[in-house]
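As a plain string of letters, each chain reads:
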Amino acid sequence: PVVASSVRASNMSAPSADETFGAKVRESFEDFLNTFCSDPHGMQDASPAEDALQRDYLEQCKVMVNDDRTTLYVDFTHVNEFDAELADAIVIDYYLLEPYLRDGLRNVTDREHPSYGAREKVFYVCFYNLPTTLCVRDLKSKKVGKLLSFCGTVTRTSEVRPELAIGVFRCEVCNTDSDPVVQQFKYCEPVKCKNSSCPNRTAWALLTSSSDKSRFVDWQKIRVQENADEIPAGSMPRTLDVILRGDIVEKAKAGDKCVFSGTLIVIPDVSQLAATGERIEVVSKVDTRNPTEGVSGLKALGCRELTYRIAFLASFVQRAEMHAGLVNIRDDSEESILESFTAAEKDKIEAMRTTPNLYSKLANSIAPTVYGHEEIKRGILLMLFGGVHKHSPKDGTKLRGDINCCLVGDPSTAKSNFLKYVCSILPRAVYASGKASSAAGLTASVTKDEETGEFCIEAGALMLADNGVCCIDEFDKMEAHDQVAIHEAMEQQTISIAKAGIQATLNARASILAAANPQDGRYDRRKSLRQNLNLTSAIMSRFDLFFVVLDQQDDRLDMAIANHIVALHQHSDLSHIEAQPAYTTSELQRYIRYARALKPQLSDEASRVLVEAYKDLRRGDMAEAGGSYRVTVRQLEALIRLGEARARVELDHEVKGRHIAEAKRLLKQSIIHVERDPVDVMADDEMDEELQRQAEMAEEAERRRQAQGDSADGGDGADGADDPDGRGGRDAKGASAKPASDLQGARKASTCTFEKFRKVARSIILYIRAHEVPSERAGIRLGDVIEWYLNQQEELDSLEALAAERSLVRRIITRLIRTDHALVVVSDLPDETEPEGQDADRPTGDDRIITVRNDYDFE
């Protein structure tokens, strides 16, 4: 057993001094449990009859007995407030005093609740809220036996096993039962039989039946790794084994960031003891080429065994976010979330819900250090709110509610900043790099336990981020086989393993926020999203949202970004930036955590809008040959998840049509946010005779100039005599260049950019639909539409620009009629009401009446 360090010198003079010191501490601790009250006013006003009901820990003992537990949780600040000397003694000599503290709890429980049978149970005292919290790297041998707490991330948990706490043995020679033997980290048997006439010292049988006095407690070993933000530069993360006993087993899961309270212990390193060969020892340096012969007697001078290691015996486990006062916005139980809010917090949440433009204000509060990118912030906000997880109890079908997002774009567009921000506001978020991560590191790996030799599962990034967010940077740099490994985790949210005799399906209920760079370094707007990314169609379809971030040159935007970054560097806070966030991080966390407890249901209106939105997306995907990626049923499920998240933003219990409309807008932007090739608006014979005439004149002038050039080459002498200055050749060359440029300009005028075509087409369609008179004949005169559009363009400052814009609008309308079939000419045929004998003139040119097709959706 480990002997506690730093025991008072006055108590070390005799062997019984420790027992005397422990008895005094036990009496003081019993007095603390019996008399402490956190409300001093209530303690002064309480009557003797009600005095017992006012005590905090007597009340907790009552709850402990009712719940059939054996662990009492003590706030260490209360002990320090009650008796500072008692608190100091517990901190310094915790391992020595821990049995006496448990005896004190047993005495109090036996006195207050005699029928509980306290003498036959093993009690534990757990201290929390210690004044300091250490790191894993700070746990050194000088702190062995002291009460302390540290913070770390759980990476592995063992199964819960029974541990022998107190053993009663039967002598196999005389069948005499021994006194209870307290076990000390190993199997301890009695030294000799208590029957004085029996010589037995080795033949013992443990009594394990329920009627015997041997006592077993639950035991679990977990492995804790140093937090990522506490690792020094250039160092590997340290790990430490933590032992849990009693009621605190199964309190920590792989991936949790926890605070452990307890003491350091020294235990034998079983893996080194069981290893073949010599023990690991520290030996003095010996020159093998010229060994000394003067030393004799000792087999190995200065040897020290290194077959011991440090472990942590925990008495209390607490989530790190609860210890630090943070808010975990993602939790397993919805009921526990709603019950954790006070009335004042619910009033604040209700006030936030009624705020105008809440959706935009919440989005602008995401990553306030990043300027702009409003659409990305909206997408990340909906990812944090998430959809509703659905589970069918009949057939066990599960539908994921987590939303996956991918950021694609040019370098230096703050993609990694978004990932780091999400990791900073979530206690259960894991950051990984695609290039430096393997398939096993992202999912799970099977390793052999060095002590038991059994195979166990080591959690990867997605398992550690279970019920959280996994941020993966440089996603496009991942190897192909590593990308395949996360297919199941992204859609089914499980990880299946069949290795080394282990067949298991593990949970990976995590949203994935990925950032990727284009193949060529910068995003090529002439290519589709699939052509820019080094990702397969299978993994692209598993992302609900894609956001393309482009580094565009804009003087006004560059000025705003520069001012924003300079203000951040100058003042090192958000108080001097122009766009102040509407809500703080804690308010945002609290609101999202409350909203995630709601489970909005689809309304009939939302269902109809969903079906129409999916049909439109499929139709647009088929029409666009160079689209981003194919629209599949996964995009329909993405619409549902985004709509549910949008309803949670408003704390609405029902998903409505406007929520689906916002989801469709974000998803449609993900699909078609690429630059299209210039739209062909070739002139037709009826509406662009002038343009065709100009092109023909340019070609005729070019042919005439070439003929004149050939004749000039044949008669250089005559031409030289007529032109003494020698300028004829230059004039001919300059004149020949002009018709060629006119021809090129005429050909260029037959196309326009996709953005220009979309702007003009949208304006014309909306104008026709808004100004049609329902009671009269449908449609508007084509010339009136053109004149209305030209009157809206204030930037046209010359007659030449006006004429060019008029010609372009005519050609765009022609394409909408003949190619896109968005407009319909309703007066193109003779009027049927006129007599057959009369030849009614068909309207031509600007006199034609046009209207928008009824089933045409511009979006």
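Preceding this paragraph is the structure being described.
Below: a short report on this structure. (Residues numbered from 1 in each chain as written. Predicted model: local features only at pLDDT ≥ 70, side-chain atom pairs only at ≥ 80, totals over all residues. Heavy atoms only, no water.)

Before going further, it helps to spend a moment on a nonpolar patch on the surface. A cluster of nonpolar residues, Tyr371, Leu557, Ile561 and Ile565, forms a patch on the protein surface that exposes about 300 Å² of accessible area. Note that Ile561 resides in helix 20 (residues 555-571). (Patch = residues over 30% accessible without salt bridge, like charges linked within 9 Å, V, L, I, M, F, W, Y side chains within 5 Å. Areas by Shrake-Rupley, 256 points an atom, 1.4 Å probe, with all protein chains shown as cover. Salt bridge = Lys/Arg side-chain N within 4 Å of Asp/Glu carboxyl O. Helix = DSSP H or I, 4+ residues; strand = E, 2+ residues; numbered from the N terminus.)

The next point concerns unusual backbone geometry. Although it is not a glycine, Asn357 adopts a positive phi angle of roughly 55°. Structurally, Asn357 is set in the loop between helix 10 (343-353) and helix 11 (358-364). On the accessibility criterion, Asn357 (61% relative accessible area) is exposed. You will see that Ala414, though not glycine, has its phi angle at about 65°, which is positive. (Buried < 20%, exposed > 50% of the residue type's maximum accessible area, 1.4 Å probe, protein only.)

By the alternation rule, side chains of strand 17 (residues 429-433) split into Val430 and Ala432, which are all buried, and Ala429, Tyr431 and Ser433, of which none is buried. Relative to strand 20 (residues 469-473), strand 17 runs parallel, the two sharing 5 bridges. Counted as the bridge partner of Tyr431 is Cys471 from strand 20. (Pairing = 2+ DSSP bridges.)

As a further point, take the packing of helix 28 (residues 754-771) against helix 29 (residues 782-792). Remark: helix 28 packs on helix 29, axes separated minimally by 11 Å, with the N-to-C direction vectors making an angle of 120°. The orientation of helix 28 with respect to helix 29, classified from their angle, is oblique. Where helix 28 crosses over helix 29, the handedness of that crossing is right-handed. In this structure, helix 28 contributes Lys756, Lys759, Val760, Ser763, Ile764, Tyr767 and Ile768 to the contact, and helix 29 contributes Val785, Trp788 and Tyr789. (Axes fitted to C-alpha atoms, helices over the stretch in contact; angles between N-to-C directions. Parallel < 35°, antiparallel > 145°, perpendicular 65-115°, else oblique. Left-handed = near helix turned anticlockwise from the far one by under 90°. Contact = heavy atoms within 4.5 Å.)

Quick look at the packing of aromatic side chains now. One pass over the structure, following the stated rule, counts 17 aromatic pairs. Taking the centre distance of 4.8 Å and the plane angle of 75° together, the rings of Phe150 and Phe312 count as edge-to-face. In this pair, Phe150 sits in strand 3 (residues 147-157) while Phe312 sits in strand 13 (residues 308-319), placing the two residues 162 residues apart along the sequence. Classification of Phe150 by relative accessible area gives buried; the value is 0%. Taking the relative accessible area as the measure of exposure, Phe312 reaches 0% and is therefore buried. One aromatic cluster is present, formed by Phe29, Phe32, Phe36, Tyr57, Phe76, Phe82, Tyr94 and Phe127 through successive ring pairs. We note Lys420 situated over the ring of Tyr431; from NZ or CZ to the ring centre the distance is 3.8 Å. The ring of Phe757 has Arg815 lying over it, and the distance from NZ or CZ to the ring centre is 5.5 Å. (Phe/Tyr/Trp six-rings, centres within 6.5 Å; stacked < 30°, edge-to-face > 60°. Lys NZ or Arg CZ within 6 Å of the ring centre and 35° of its normal.)

Counting through the fold element by element, Ser541 comes out in the loop between helix 19 (537-540) and strand 24 (545-549). Under the relative-accessibility criterion, Ser541 is labelled buried at 9%. A distance of 2.8 Å separates a polar atom in the side chain of Ser541 from a polar atom in the side chain of Arg634. (Polar contact = N/O pair within 3.5 Å; in protein donor to acceptor, adjacent residues only side chain to side chain.)

Enumeration according to the criterion identifies 0 disulfides in this entry. With no disulfide of its own, Cys193 lies 3.6 Å from the sulfur of Cys174, the closest cysteine sulfur. Among the residues examined, Cys193 registers a relative accessible area of 3% and is labelled buried. Cysteine Cys198 shares no disulfide, and the gap to the nearest cysteine sulfur, in Cys171, comes to 3.6 Å. (Disulfide = S-S within 2.5 Å.)

Here the focus is the side chain of Arg223. Among the structural elements, Arg223 can be located in strand 8 (residues 215-225). In contact with Arg223, not counting residues within four places along its chain, are Thr153, Val154, Thr155, Arg156, Thr239, Leu240, Asp241 and Glu450.

Attention now goes to the sheet that holds strand 16 (residues 405-409). If you trace the 5 strands from one edge of the open sheet to the other, you get 17-20-23-16-24, paired in parallel fashion. Pairing within the sheet leaves two strands with one partner each, and these edge strands are strand 17 and strand 24. Taking the axes of each pair of neighbouring strands and ignoring which way they run, one obtains an average angle of 15° across the sheet. In this structure, strand 16 lies alongside strand 23 (residues 511-516), joined through 4 bridges in parallel fashion. If you follow Val408 over to strand 23, its bridge partner there is Ala516. Seen against the sheet, helix 12 (residues 374-385) touches strand 16, strand 20, strand 23 and strand 24 and runs at an angle of roughly 155° to strand 24.

Another point: the environment of Ala228. Along the polypeptide, Ala228 turns up in the loop between strand 8 and strand 9 (239-245). Between the alpha carbons of Ala228 and Val430 there is a distance of 9.6 Å; along the sequence they are 202 residues apart.

Turning to the sheet that holds strand 31 (residues 849-852), a few remarks are in order. Taken in spatial order, the 3 strands line up as 29-31-30 in an open sheet, and their pairing is antiparallel. Among the strands making up the open sheet, the edge pair consists of strand 29 (780-781) and strand 30 (823-825). Note: strand 30 against strand 31, 3 bridges, orientation antiparallel. When the sheet's bridge partners are listed, Leu823 is paired in strand 31 with Val852. Packing of helix 28 onto the sheet brings it into contact with strand 29, strand 30 and strand 31, and relative to strand 31 it is tilted by some 100°.

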